[in-house]
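Close look at the chain arrangement
Residues per chain, in single letters:
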Amino acid sequence: MKTDLLSVIDCAGSPRQRGRTHGEALRTAIAEKIMRWHDAIAEAYGVTAKTFIPRFLAATRFGDAVKRHTPHLAEEVAGIAEGSNIAHETAFALQLLDEEWWFGRSTGDGHCSSLAIAPCGPIPTIIAQTMDLPRWHDGAQVLLKTQDSEAGETMVFTSAGLIGLMGVSERGVGVCVNTLSQLAVSPTGLPVAFVMRGALACSSVSDAIRFLHDVPHASGQNYQLGDRQNIATVECSAGKVLPLATKSRCSLHTNHPLASDDRRSATIPLAGSDSSRGRLQSLHLDLDDVRVTTDDVKAALAACRAGGEVSLVAPQLATEPMTVGAVVYEIGERTKISVCAGPPSVEAWRDIGLGT
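Residues numbered from 1 in each chain as written. Predicted model: local features only at pLDDT ≥ 70, side-chain atom pairs only at ≥ 80, totals over all residues. Heavy atoms only, no water.

**Brief notes about the overall build of the protein chain**
Definition in use: In this description a helix means any DSSP run of H or I spanning at least four residues, a strand means any run of E spanning at least two, and both kinds are numbered starting from the N terminus. Just to be clear, the radius of gyration here is over C-alpha atoms, and the globule rule we use is 2.2 Å times residues to the power 0.38. Each residue's exposure class comes from its accessible area (1.4 Å probe, protein chains only) as a fraction of the maximum for that residue type: buried when under 20%, exposed when over 50%, partly exposed otherwise. Note on definitions: a residue-residue contact is assigned when non-hydrogen atoms from the two residues lie within 4.5 Å. All accessible-area figures derive from a Shrake-Rupley calculation using a 1.4 Å probe, and residue coverage is judged against the displayed protein chains alone. In this tally, Asp and Glu contribute negative charge and Lys and Arg positive charge; neither His nor the terminal groups of the chain are included. For this purpose, a charge sits on NZ of Lys, CZ of Arg, CG of Asp or CD of Glu.
Looking only at helices and strands, the protein chain has eleven helices and 16 strands in total. By the compact-globule yardstick of 21 Å for 356 residues, the protein chain fits well, its C-alpha radius of gyration being 18 Å. Over its C-alpha atoms, taken along the principal directions, the protein chain stretches across nearly 50 × 50 × 40 Å. Relative to its 356 residues, the protein chain shows a buried fraction of 58%. In the protein chain, the share of contacts with a sequence separation of at least 24, taken over all contacts with a separation of at least 6, comes to 66%. Within the structure as shown, the protein chain displays about 14,100 Å² of accessible surface, and the carbon and sulfur contribution to it stands at 51%. For the protein chain, the separation between the mean place of its 32 positive charges and that of its 39 negative charges on side chains is 3 Å.

Pasting the structure below:
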């Protein structure tokens with residue numbers, strides 16, 4: 001998708017009404033995406049979606065964790081189902097990206113790259129990432145703008161029908177994520193999309209860290225957090241929540257754990273793939289400098305070094321990953337967003353201010 005085609009959907013009202021607005025506005029995009037998703041399930045797992053999805057939901061209890069820890073988001077998903085005129089089970093399963101991958105025994109380790117940069121003088125806190133998903137998500141990218149009496153405006157980058165991939169609030173909390181498929185999982189934990197939105201609703205980095213400690217985790221995931229004063233990088237899994245110590249202003253992360261040893265299986269190496277290590281090295285080459293700016297971050301996210309391609313162009317197969325979006329959140333006196341609806345380049349970024 002070209003970034004100038006990226007829609008911004010205003011989702012006001014109660015959680016259920018916000019979901020209905022989302023579903024109604026994107027009904028066609030959601031229906032088309034579901035068709036591509038069902039085809040991808042058959043290709044990836046060798047069974048039809050009609051067989052796989054009920055089996056997936058019956059073997060897990062994610063809904064119980066969602067209702068207990070983020071009941072407002074359970075309502076939002078119900079609203080998406082109503083607004084888009086799809087079954088609730090389908091709407092709920094759409095939220096479970098990382099959980100579907102490990103349940104279906106996907107062999108990939110992800111391709112998202114993320115970073116958090118602490119404020120330094122006039123340079124504000126910066127949280128950023130590339131979001132890499134199977135190509136069947138391309139064309140479904142969207143920004144959801146919600147309004148909350150406490151958090152003010154919140155801008156969430158997502159794929160149609162999904163409550164969120166990464167986001168930032170007007171009061172100055174940003175959350176980015178990347179998969180850690182090597183780490184322990186739980187069929188009764190809180191799925192990543194709900195963890196991300198729950199952390200985003202917090203008032204500060206310290207509150208978000210407490211939230212991450214308080215909830216059970218369904219999937220291995222790294223959370224990059226930032227507010228106007230602080231940053232944090234937290235590796236989460238079914239058995240551990242581990243904030244990482246940062247040795248410099250920059251905290252950089254790809255798709256292998258840097259500290260956690262809560263491995264999913266004794267046979268899974270924690271070192272990650274050549275791609276994950278190469279992308280991490282690429283980020284360090286571009287960003288290991290105390291005066292890193294937003295322009296530096298944008299360039300680093302667009303890097304395509306051999307063996308360290310941070311940004312992925314569209315592949316031939318719908319099930320192969322591509323960069324479906326990238327964000328840079330500046331969290332200073334005001335909160336600003338730079339966003340791409342595809343692989344980032346100098347020309348692709350669109351700048352948005354919150355609370356304007």
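**Quick word on the packing of aromatic side chains**
What counts here: Two aromatic rings, drawn from Phe, Tyr or Trp (for Trp, its six-membered ring), form a pair once their centres lie within 6.5 Å of each other, and the interplanar angle then sorts them: stacked below 30 degrees, edge-to-face above 60, tilted otherwise.
Considering all chains together, one arrives at seven aromatic pairs under this definition. Taken together, the aromatic side chains of Tyr 45, Phe 52, Phe 56, Phe 62, Trp 102 and Phe 103 make up a single cluster linked through ring pairs.

**Observations regarding the packing of helix α5 (residues 71-84) against helix α8 (residues 192-200)**
For the record, the criterion: Under this scheme, a helix contributes an axis fitted over its contacting stretch, all axes are lines through C-alpha atoms, and angles between N-to-C directions fall in the 0 to 180 degree range. Geometric relationships in this document are graded by angle, where less than 35 degrees denotes roughly parallel, more than 145 denotes roughly antiparallel, 65 to 115 denotes roughly perpendicular, and other angles denote oblique. Handedness of each helix crossing follows the sense of rotation of the near helix against the far helix: counterclockwise by less than a right angle gives left-handed, clockwise gives right-handed. Here the term charged refers only to Asp, Glu, Lys and Arg, the term nonpolar to Ala, Val, Leu, Ile, Met, Phe, Trp, Tyr, Cys and Pro, and the term polar to all other amino acids, Gly among them.
Where α5 meets α8, the closest approach of the two axes is 10 Å, and the angle between their N-to-C directions is 120°. Here α5 lies oblique to α8, going by the angle between them. For the pair α5 and α8, the sense of crossing is right-handed. Where α5 approaches α8, its residues Leu 73, Glu 76 and Val 77 are matched on the opposing element by Phe 194, Arg 197 and Gly 198. In terms of residue class, the contact of α5 with α8 is made up of three nonpolar, one polar and two charged.

**Observations regarding the sheet that holds strand β2 (residues 113-117)**
For clarity, the cut-off: For two strands to count as paired, DSSP must find a minimum of two bridges between them.
What the six strands build is an open sheet, ordered β11-β2-β3-β14-β15-β16; its pairing is antiparallel. Each edge of the open sheet is held by one strand with a lone partner, namely β11 (250-253) and β16 (350-353). The mean angle between the axes of side-by-side strands here comes to 15°, regardless of whether they run parallel or antiparallel. Where β2 and β11 come together, four bridges link them in antiparallel fashion. Across the sheet, Ile 117 pairs through a bridge with Cys 250, a residue of β11. The strands touched by helix α10 (residues 274-287) within the sheet are β2 and β11, with β11 carrying the most contacts at an inclination of about 155°.

**Quick notes on the state of the cysteines**
Definition in use: When two cysteine sulfur atoms are found within 2.5 Å, that pair is recorded as a disulfide.
Scanning the model with the defined rule gives zero disulfides in all. Cys 112 forms no disulfide, and the closest cysteine sulfur to it belongs to Cys 176, at a distance of 9.8 Å. In this structure Cys 120 is not part of a disulfide, and its nearest cysteine sulfur, from Cys 250, lies 9.9 Å away.

**Here we look at the environment of Val 173**
Summarising the element assignment, Val 173 is placed in the loop between β6 (166-169) and β7 (174-179). Ignoring anything within four residues of it in the chain, the contact list for Val 173 reads Gly 167, Val 168, Ala 199, Leu 200, Cys 202, Ser 203, Ser 204, Gly 226, Asp 227 and Ile 331.

**Details of the side chain of Ser 251**
Quick note on the threshold: Here a polar contact is recorded for every N or O atom pair within 3.5 Å, except that within protein the pair must consist of a potential hydrogen donor and a potential acceptor, and residues adjacent in sequence are included only if both atoms are side-chain atoms.
Assignment of secondary structure puts Ser 251 in strand β11. A polar contact of 2.5 Å, which involves the side chain of Ser 251, links it to the side chain of Thr 233. Ignoring sequence-local partners within four residues, the contact set of Ser 251 consists of Ser 114, Leu 115, Ala 116, Gln 224, Ile 231, Thr 233 and Thr 246.

**Focus on a negative patch on the surface**
Counted only if it meets this: Patches here are clusters of residues that have more than 30% relative accessible area and form no salt bridge, with a 9 Å joining cutoff for like charges and a 5 Å cutoff for nonpolar side chains (Val, Leu, Ile, Met, Phe, Trp, Tyr). Any carboxyl oxygen of Asp or Glu that lies within 4 Å of a side-chain nitrogen of Lys or Arg is treated as forming a salt bridge with it.
Side chains of Asp 288, Asp 289, Asp 295 and Asp 296 sit close together on the surface and give a patch of like negative charge. Position of Asp 295 relative to the elements: it lies in helix α11 (residues 294-301). Residue classification places Asp 295 among the exposed positions, given a relative accessible area of 58%.

**Some points on helix α2 (residues 27-45)**
Counted only if it meets this: Multiplying one less than the number of residues by 1.5 Å gives the expected span of a helix. Of all possible arcs, the one meant is that of the directions from the helix axis to the C-beta atoms.
Here α2 spans 27 Å end to end across 19 residues, near enough to the 27 Å set by a 1.5 Å rise per residue. Every buried residue of α2 is listed here: Ile 30, Lys 33, Ile 34, Trp 37, Ala 40, Ile 41 and Tyr 45. Projected onto a plane normal to the axis of α2, the buried residues spread over an arc of 130° and lie on a single side. Exposed residues pointing more than 90 degrees away from the buried face of α2 are listed as Thr 28, Met 35 and Asp 39. In this fold, the buried residues of α2 make contact with α1 (15-25), α3 (49-58), α5, α6 (88-94), α7 (97-103) and β5 (152-159).

**Here's the deal with the environment of Glu 76**
Inspection of the secondary structure assignment puts Glu 76 in helix α5. According to the relative accessible area criterion, Glu 76 is buried, its value standing at 2%. In the structure, Glu 76 is positioned 156 residues away from Ala 232 in sequence and 28 Å away in space, judged by C-alpha atoms. Engagement of the side chain of Glu 76 in a polar contact is seen with the side chain of Arg 197, the distance being 2.9 Å.

**As for the sheet that holds β5**
The eight strands lie next to each other as β1-β4-β5-β6-β7-β8-β9-β10, forming an open sheet whose pairing is mixed. What marks the edges here is a single partner per strand, and that holds for β1 (7-11) and β10 (241-243). Direction aside, the axes of adjacent strands within the sheet are offset by 20° on average. Inspection of the sheet shows β1 paired to strand β4 (residues 141-148) by five bridges, in the parallel sense. Bridge pairing in β4 places Cys 11 opposite Thr 146. Sitting on the sheet, α1 is in contact with β1 and β4, with an inclination near 150° to β1. Those strands touched by α8 are β5, β6, β7 and β8 (221-226), and its axis lies near 10° from that of β6.

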